[in-house]
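Architecture and fold: a report
Here are the chains, one letter per residue:
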Amino acid sequence: MKSPSSLRQAGFTLPELLVAFLLITAVGVAAMFLLHENPRTTERNNYERKTAEAALIQGISRYYYDTGSLPDGLTTSYQNIGSESGQYDLCKKLVPDYMYDMVYDPTSGMVTQDGRCNAKGQKYYTGYSIKQSDNGKSVSIVSTTAEGGKVILYTKSFK
């Protein structure tokens, strides 16, 4: 005859299985919340873009009211604002006299090192594009990466 200890089968008890199930469920729920993109992220990024475009327009306005003209080199077609070849380097015109530093798109703007856009060896890309009107009396700035199907465009007219 076999002893009572040898009649036991190997396995987990019901309380152990319940605890394991609850732990796995809790980890899954936590992961869902951490990995799920906040629906307000798009809205927040677009508000940051609006604020950045307004800051650029304000810097250009200060430049205009101080010099009596728009920054030279603006064209009637959109140019990306940045320091690379083919981009419009607005930093040279505005920083530090009319703006503290350039503003950058929350998802696509970048700088290559710490410091202002006019620091030696600095490369930057704002994520915004700029153009002047055909008559040269207004400036438009648009975000190149607005989210949610939005177009974020600021236009300022000068007399």
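The structure reproduced in this document is the subject of the present report.

Quick notes on the rules
- Residues numbered from 1 in each chain as written.
- Predicted model: local features only at pLDDT ≥ 70, side-chain atom pairs only at ≥ 80, totals over all residues.
- Heavy atoms only, no water.
- Salt bridge = Lys/Arg side-chain N within 4 Å of Asp/Glu carboxyl O.
- Helix = DSSP H or I, 4+ residues; strand = E, 2+ residues; numbered from the N terminus.
- Buried < 20%, exposed > 50% of the residue type's maximum accessible area, 1.4 Å probe, protein only.
- Core = buried A, V, L, I, M, F, W, Y, C linked by side-chain atoms within 4.5 Å.
- Contact = heavy atoms within 4.5 Å.
- Phe/Tyr/Trp six-rings, centres within 6.5 Å; stacked < 30°, edge-to-face > 60°.
- Lys NZ or Arg CZ within 6 Å of the ring centre and 35° of its normal.

Some details on the pattern of salt bridges
- One pass over the full model with this rule turns up four salt bridges.
- A salt bridge links Asp105 to Arg49; the nearest nitrogen and oxygen atoms lie 2.5 Å apart. Of the two residues, Asp105 sits in the loop between helix H4 (91-94) and strand S2 (110-111) while Arg49 sits in helix H3 (residues 40-67), which places them 56 residues apart along the sequence. Across the pair, exposure class does not vary: Asp105 and Arg49 are buried alike.
- When the shortest N-O distance is used, the salt bridge between Glu147 and Arg49 registers 3.0 Å. Pair noted here: Glu147 is in the loop between strand S4 (138-143) and strand S5 (153-157) and Arg49 is in helix H3, with a separation of 98 residues, a long-range link.

Re the nonpolar core
- Counting residues in each nonpolar core, the largest one holds 25 residues, and the members touching the most others are Leu56, Ile60, Leu90, Met102, Ile130 and Val139.
- Elements with a contribution of two residues or more to this core: H3, H4, strand S3 (124-132) and S4.
- In this structure Val139 touches Ile57, Ile60, Leu70, Leu74, Ile130, Lys131, Gln132, Tyr154, Thr155, Lys156 and Phe158, once residues within four positions along its chain are discounted.

With respect to unusual backbone geometry
- A cis amide bond links Val95 to the next residue, Pro96, at an omega of 5 degrees.
- Topologically, Pro96 is positioned in the loop between H4 and S2.

With respect to the packing of aromatic side chains
- In total, this model carries five aromatic pairs according to the counting rule given.
- Between the aromatic rings of Tyr64 and Phe158, the centroid separation amounts to 4.5 Å while the plane-to-plane angle is 40 degrees, which identifies the pairing as tilted. With a gap of 94 residues between them, Tyr64 in helix H3 and Phe158 in the segment after S5 connect regions that are remote in the sequence. Summarising the burial analysis for this pair, Tyr64 and Phe158 share the class buried.
- Three or more aromatic residues link up through ring pairs in this structure, and these residues are Tyr64, Tyr65 and Phe158.
- Above the plane of the ring of Tyr100 lies Arg116, whose end atom (NZ or CZ) is 3.9 Å from the centre.

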